[in-house]
Amino acid sequence: MTTTDSTPATLGGIDLCCPMCAARVTRCPTGVACPPCDRRDCPKGFQSRDGFLDMIIGARFEDDSSDELLAGEERNSVHTVTNYWIPLFRRVTAGASGRPRVLSLGCGAGMEVDALRDAGFDAVGIDNGNRTRVWGRRTHPDALVMANGMHLPFADGTFDIAFCGCVFPHVGVEGDSFRVTDRCYQDRLAIAKEMARVVKPGGSIFLSSPNRLFPLDLFHGRKIGSYRTPINPPWRRFLLSKGDYARLFRDAGCRGPATAQSIRHYWGFCRTKSSLLGKLIALPVRGLFALASNPVTPFFRASPLLPWIVVRIDR
């Protein structure tokens with residue numbers, strides 16, 4: 001790819017770098033180009049696809065992107081980012097000068113990036129799955145790029161916060177299933193290292209997903225991919241616990257402790273509100289969430305009694 005423009009390429013005002021050689025990329029007629037370097041694995045440039053830069057290294061994640069699933073994800077994302085992430089990130093960055101920079105890793109349909117930017121954050125999102133097909137209807141499409149979490153197209157120490165929702169369980173598995181591969185830990189560690197690399201010293205990383213220690217996986221539909229049962233043996237390595245995240249990010253170089261956060265307002269139970277049966281099924285889960293959100297009982301937040309966890313690790 002030949003560079004015809006020396007203008008640095010940016011994403012939502014944040015400089016983009018080659019995810020392989022780390023050099024800043026510049027605009028060219030078909031996408032972006034990398035300056036010449038000696039790395040043989042450097043692709044030297046990336047093309048645009050459907051109006052978005054495709055900077056994915058390796059294969060795309062072939063996740064379900066049906067209209068029904070995406071509609072539900074957009075509803076849930078709006079609730080979670082509005083009622084949980086935005087208030088949390090405001091508390092974490094209180095007193096910071098300028099607009100805090102936030103990376104959403106595995107942003108899916110991209111709703112949270114829109115909401116965060118509208119709330120005053122310099123937020124950008126990356127994803128390498130099929131949900132990118134709806135990015136064209138976002139209000140801040142210039143803040144989205146196709147990329148792999150193992151190879152982030154940003155310089156060291158770019159962000160104040162990096163976060164992801166239910167990304168790590170889908171890394172190191174066979175396709176879109178719960179069967180882990182022999183490289184499960186190495187692949188997850190690669191993402192942890194990249195998240196740690198692009199967050200500033202003193203910044204924070206937030207991870208959220210179902211809790212491996214809880215005996216049921218209530219968040220992966222039995223009709224999707226290879227999921228057949230909500231039973232979740234604690235020895236199954238598909239999901240992660242707070243301890244799993246702590247080990248990953250300690251091995252990734254983070255020195256801050258892993259702390260389980262309150263999950264108050266994280267889930268809006270948008271789907272279960274549509275039927276009486278759904279409301280009844282959601283009642284005990286709501287009760288568990290309320291227990292874990294009580295400041296008097298913080299020890300429940302990562303215990304086997306809670307189906308969902310949010311973990312904070314300071315860089």
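Side note on helix 1 (residues 67-92)
Now for step 1: Over its 26 residues, helix 1 runs 35 Å from end to end, which matches the ideal 38 Å to within 8%, given 1.5 Å per residue.
Now for step 2: Of all the bends in helix 1, the largest measures some 40° and sits at Val81.

Observations regarding the sheet that holds strand 6 (residues 52-53)
Hydrogen bonds between backbone groups are what pair the strands of a sheet, and the pairing can be parallel or antiparallel.
Now for step 1: The strand order across the open sheet formed by four strands is 3-4-5-6, and the pairing between neighbours is antiparallel. Unpaired on one side and paired on the other, strand 3 (26-28) and strand 6 mark the two borders of the sheet.
Now for step 2: The pairing of strand 5 (residues 45-49) with strand 6 spans two bridges and is classified as antiparallel. Within strand 6, the position partnered with Arg49 by the bridge is Phe52.

Comments concerning the state of the cysteines
Now for step 1: Per the stated rule, a full pass over the model turns up zero disulfides.
Now for step 2: Here Cys17 stays unpaired: no disulfide links it, and the sulfur of Cys21, its closest cysteine neighbor, is 8.5 Å away.
Now for step 3: Take Cys21: it sits in no disulfide, and the sulfur closest to it among the cysteines is that of Cys18, at 3.7 Å.

Section: the sheet that holds strand 9 (residues 144-146)
Now for step 1: Read from one edge of the open sheet, seven strands run 9-8-7-10-11-13-12, paired in mixed fashion. Strands with a single pairing partner mark the edges of an open sheet, and in this sheet they are strand 9 and strand 12 (258-260). Neighbouring strand axes in the sheet, compared pairwise and without regard to direction, differ in orientation by 20° on average.
Now for step 2: The pairing of strand 12 with strand 13 (residues 308-314) spans three bridges and is antiparallel. Note on strand 13: the bridge partner recorded for Ala260 is Val311.
Now for step 3: On the sheet, helix 3 (residues 184-198) packs against strand 7 (101-105), strand 10 (159-165) and strand 11 (199-210) and is oriented at approximately 140° with respect to strand 11.

Describing the packing of helix 1 against helix 2 (residues 111-118)
Now for step 1: At a minimum axis separation of 9 Å, helix 1 and helix 2 run at an interaxial angle of 40°. Between helix 1 and helix 2, the crossing angle belongs to the class labelled oblique. Viewed along their axes, helix 1 and helix 2 form a crossing whose handedness is right-handed. Counting all contacts with helix 1, which are made through Glu74, Ser77, Val78, Val81, Ile86 and Phe89, the residues of helix 2 involved are Met111, Glu112, Ala115 and Leu116.

Some points on the packing of helix 3 against helix 4 (residues 242-251)
Now for step 1: Direction vectors running N to C along helix 3 and helix 4 enclose 65°, while the axes themselves pass 8 Å from each other. Along this stretch, helix 3 crosses helix 4, giving a crossing that reads as right-handed. The residues of helix 4 that touch helix 3, namely those facing Tyr185, Arg188, Leu189, Ala192, Lys193 and Met195, are Arg247, Leu248, Phe249 and Asp251.

So, a nonpolar patch on the surface
Now for step 1: A cluster of nonpolar side chains, namely Leu216, Leu218 and Ile231, defines an oily patch on the protein surface of about 230 Å² accessible area.
Now for step 2: Taking the relative accessible area as the measure of exposure, Leu216 reaches 32% and is therefore partly exposed.

Topic: the packing of aromatic side chains
In this description, an aromatic ring pair is defined by two values, namely the gap between the centres and the angle between the planes.
Now for step 1: If you walk through the whole model with that rule in mind, you get 16 aromatic pairs.
Now for step 2: Measuring from centroid to centroid gives 5.3 Å for Phe52 and Trp135, while their planes differ by 70°, and the two rings are edge-to-face. On the criterion of sequence distance, the pair formed by Phe52 in strand 6 and Trp135 in the loop between strand 8 (122-127) and strand 9 is long-range, its members being 83 residues apart. Assigned by exposure class, Phe52 and Trp135 land together as buried.
Now for step 3: Between Tyr84 and Tyr266, the aromatic rings sit 5.1 Å apart at their centres with planes inclined by 70°, giving edge-to-face as the arrangement. Pair noted here: Tyr84 is in helix 1 and Tyr266 is in the loop between strand 12 and helix 5 (276-293), with a separation of 182 residues, a long-range link. We note that Tyr84, like Tyr266, is buried.
Now for step 4: Through a chain of ring-to-ring contacts, the aromatic side chains of Tyr84, Trp85, Phe89, Phe121, Phe163, Phe206, Tyr266, Trp267 and Trp308 assemble into a single cluster.
Now for step 5: In this structure, Arg236 is placed above the aromatic ring of Phe178, and the distance from its NZ or CZ to the ring centre is 4.1 Å.
Now for step 6: Directly above the aromatic system of Tyr185 lies the positively charged group of Arg247, at a separation of 4.1 Å from the ring centroid.

Definitions and cut-offs
- Residues numbered from 1 in each chain as written.
- Predicted model: local features only at pLDDT ≥ 70, side-chain atom pairs only at ≥ 80, totals over all residues.
- Heavy atoms only, no water.
- Helix = DSSP H or I, 4+ residues; strand = E, 2+ residues; numbered from the N terminus.
- Expected span 1.5 Å × (residues − 1).
- Bend = angle between axes of the 7 residues up to and from the residue.
- Pairing = 2+ DSSP bridges.
- Disulfide = S-S within 2.5 Å.
- Axes fitted to C-alpha atoms, helices over the stretch in contact; angles between N-to-C directions.
- Contact = heavy atoms within 4.5 Å.
- Parallel < 35°, antiparallel > 145°, perpendicular 65-115°, else oblique.
- Left-handed = near helix turned anticlockwise from the far one by under 90°.
- Patch = residues over 30% accessible without salt bridge, like charges linked within 9 Å, V, L, I, M, F, W, Y side chains within 5 Å.
- Areas by Shrake-Rupley, 256 points an atom, 1.4 Å probe, with all protein chains shown as cover.
- Salt bridge = Lys/Arg side-chain N within 4 Å of Asp/Glu carboxyl O.
- Buried < 20%, exposed > 50% of the residue type's maximum accessible area, 1.4 Å probe, protein only.
- Phe/Tyr/Trp six-rings, centres within 6.5 Å; stacked < 30°, edge-to-face > 60°.
- Lys NZ or Arg CZ within 6 Å of the ring centre and 35° of its normal.

On their own, these measurements won't tell you what the molecule is for.
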